[in-house]
Amino acid sequence: MTMTEILQTTIAGSLPKPAWLAEPDALWAPWRLEGDALAQGKRDAVRLALFDQEHAGIDIVTDGEQTRRHFVTTFIEGLDGVDWEHKKTVRIRNRYDAAVPVVVGPVARRHPIYVDDAAFVRRETRRRVKYTLPGPMTMVDTLYDAHYHSREKLAWAFAEILNEEAHAIAATGVDVIQFDEPAFNVYFDEVRDWGVATLERAARGLGCTTAVHICYGYGIKANVEWKKTLGSEWRQYERIFPRLAASQIDQVSLECANSHVPVELIGLLGQKDVLVGAIDVASERVEAPEDVARVIRAALAHVPADRLYPCTNCGMVPLPREVARGKLMALAAGAALVRREVTR
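Keep in mind it's a predicted model, so treat the numbers as computed, not measured.

Caption draft 1: Fine view of helix 1 (residues 35–56). With 22 residues, helix 1 ought to run about 32 Å at 1.5 Å a step, and its terminal C-alpha atoms sit 32 Å apart, in line with that. In this structure, the buried residues of helix 1 make contact with strand 1 (60–61), helix 3 (115–124) and helix 10 (321–343). Immediately downstream of helix 1, the backbone of Gly 57 shows phi near 100 degrees, a positive value.

Have a look at this one:
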């Protein structure tokens, strides 16, 4: 491989939205536009997200999830069988309470949900494109189930829906489809019993690269407080990586920057590509390139350079836009430092 082909950079998925599109520094922020203006505003925001990534030097870009209010619920809005009017409060990943929609009947995909958006971002850039979808287990964990009465049965139903959508998105020419499964870091027995199996069902038959993103969550207060309870070593990955190593998924995206994850755990992923989180999304401090390089060098002791992709820990949607831009530049610059070292 040439120097430019190793240590390709990418992000977990989301970037902050412009203030004219949605309230800054917030999750689930309502749109500030309506109708045709909203549709155009979303596409303009995608163009800005692509510009910021390309200008910073990110190799594999995303749409910044600019067309979605939330990485899970926006997808669920496109499904039948879900009641949004009579919400119920549930505990999300054992961390915080949220009012969520209710599954009241068989879930079904009534039309393409993100396909037009994926086609748009594919047309707008010449770089490789990654498109993100929620994973089956995380979708289950973001709802109240009053129909299936089984997390596993609901996950299998979602897996089939996701597979339909993923195939349609892949047909637009995107290079990577990533399923986001932060719930994998909580429900270890379910991950081994059916979580990875439903993930594989969601990705079945895809001709593009497939990835799963597993992190400790956005840099919001509930997640930051939860991390404080995890002790001096975060070994949650140790309980699920062997199962993922044996799966059909190509890439695993994880959190390493400014965390207590023992970096040697990534060796448990076997021959998988590793998207190593080298940017801390829970802090507004912009990393120096050397900070990023330090994480990458540590990971290189366990994963060869041609299978290592410097990435962000998680999405950056709650951050100020200038901070996110700075972190994008730091990610690319840090990867460039190590790339020169490796190929020297």
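Caption draft 2: Highlighting the nonpolar core. Counting 102 residues, the largest nonpolar core has Phe 179 and Leu 244 as its most contacted members. Top contributing element to this core by residue count: helix 5 (residues 151–170), with nine residues. Not counting the four nearest positions on each side in its chain, Phe 179 is found in contact with Leu 133, Pro 134, Gly 135, Leu 162, Ala 166, Leu 199, Ala 202, Ala 203, Leu 206, Ala 211, Val 212 and His 213. Among the nonpolar cores identified, the runner-up in size contains five residues, and Val 90, Ile 92, Tyr 96 and Ala 98 belong to it.

Caption draft 3: Representation of the packing of helix 5 against helix 6 (residues 188–203) in the model. With their axes 7 Å apart at the nearest point, helix 5 and helix 6 run at an angle of 20 degrees to one another. By the angle between their directions, the pair helix 5 and helix 6 is classed as roughly parallel. In this structure, helix 5 crosses over helix 6, and the sense of that crossing is right-handed. On the side of helix 5, the interface is formed by Arg 151, Glu 152, Ala 155, Trp 156, Ala 159, Glu 160, Leu 162, Asn 163 and Ala 166, while helix 6 contributes Glu 190, Trp 194, Ala 197, Thr 198, Arg 201, Ala 202 and Ala 203. Residues of the contact of helix 5 with helix 6, tallied by class, amount to nine nonpolar, two polar and five charged.

Caption draft 4: Expanded view of the side chain of Thr 142. Relative to the elements of secondary structure, Thr 142 occurs in the loop between helix 4 (136–140) and strand 5 (144–145). Classification of Thr 142 as buried rests on a relative accessible area of 6%. Of note is the side chain of Thr 142, whose polar atom sits 2.6 Å from the backbone oxygen of Thr 138. Thr 142 has contacts with Val 72, Thr 73, Ile 92, Val 100 and Pro 101, leaving out every residue within four places of it along the chain.

Caption draft 5: Geometry of the layout of surface pockets. There is about 450 Å³ of room inside the largest pocket. Trp 28, His 70, Phe 71, Val 72 and Thr 73 are the residues nearest the centre of the largest pocket, which is lined by 34 residues in total. Where the lining of the largest pocket is concerned, the elements lending two or more residues are strand 2 (79–92), strand 3 (96–109) and strand 6 (176–180). With five residues, strand 3 is the single largest residue contributor to the lining of the largest pocket. Split into classes, the residues belonging to the lining of the largest pocket amount to 17 nonpolar, eleven polar and six charged. What lines the second largest pocket is Ala 257, Asn 258, Ala 278, Asp 280, Ser 283, Arg 285, Glu 287, Asp 291, Arg 294 and Val 295. Here the lining of the second largest pocket is composed, by residue class, of three nonpolar, two polar and five charged.

Caption draft 6: Layout of empty space enclosed by the protein. Within the structure shown, the criterion is met by three cavities of 30 Å³ or more. There is about 80 Å³ of room inside the largest cavity. What lines the largest cavity is Leu 15, Pro 16, Pro 18, Ala 45, Leu 48, Ala 49, Asp 52, Gln 66, Arg 321, Ala 324, Arg 325 and Leu 328. Among the elements of the structure, helix 1 and helix 10 are those that each provide at least two residues to the lining of the largest cavity. Looking at the lining of the largest cavity residue by residue, the class counts come to eight nonpolar, one polar and three charged.

Caption draft 7: Up close: the pattern of salt bridges. This model, assessed by the stated rule, comprises 21 salt bridges. A salt bridge links Arg 110 to Asp 80; its shortest N-O distance comes to 2.8 Å. Taken together, the positions of Arg 110 in the loop between strand 3 and helix 3 and Asp 80 in strand 2 put the pair 30 residues apart, joining distant regions of the chain. Among the residues examined, Asp 80 registers a relative accessible area of 34% and is labelled partly exposed. Among the ionic contacts, a cluster of salt bridges with common partners joins Asp 44, Arg 47 and Glu 124.

Caption draft 8: How the structure looks around helix 6. If you look at helix 6, its biggest bend is around 50 degrees, right at Trp 194. For helix 6, the tally of buried residues reaches twelve of 16 residues, placing the bulk of the element in the interior. Three or more residues of helix 6 are buried, namely Phe 188, Glu 190, Val 191, Trp 194, Gly 195, Val 196, Thr 198, Leu 199, Glu 200, Arg 201, Ala 202 and Ala 203.

Thresholds applied
- Residues numbered from 1 in each chain as written.
- Predicted model: local features only at pLDDT ≥ 70, side-chain atom pairs only at ≥ 80, totals over all residues.
- Heavy atoms only, no water.
- Helix = DSSP H or I, 4+ residues; strand = E, 2+ residues; numbered from the N terminus.
- Expected span 1.5 Å × (residues − 1).
- Contact = heavy atoms within 4.5 Å.
- Core = buried A, V, L, I, M, F, W, Y, C linked by side-chain atoms within 4.5 Å.
- Buried < 20%, exposed > 50% of the residue type's maximum accessible area, 1.4 Å probe, protein only.
- Axes fitted to C-alpha atoms, helices over the stretch in contact; angles between N-to-C directions.
- Parallel < 35°, antiparallel > 145°, perpendicular 65-115°, else oblique.
- Left-handed = near helix turned anticlockwise from the far one by under 90°.
- Nonpolar A, V, L, I, M, F, W, Y, C, P; charged D, E, K, R; others polar.
- Polar contact = N/O pair within 3.5 Å; in protein donor to acceptor, adjacent residues only side chain to side chain.
- 1 Å grid on protein atoms, 1.4 Å probe; cavity = no way out; pocket = protein on both sides within 12 Å on 5 of 7 lines; lining within 4 Å.
- Points joined across faces, edges and corners; volume = space filled by probe spheres on them.
- Salt bridge = Lys/Arg side-chain N within 4 Å of Asp/Glu carboxyl O.
- Bend = angle between axes of the 7 residues up to and from the residue.

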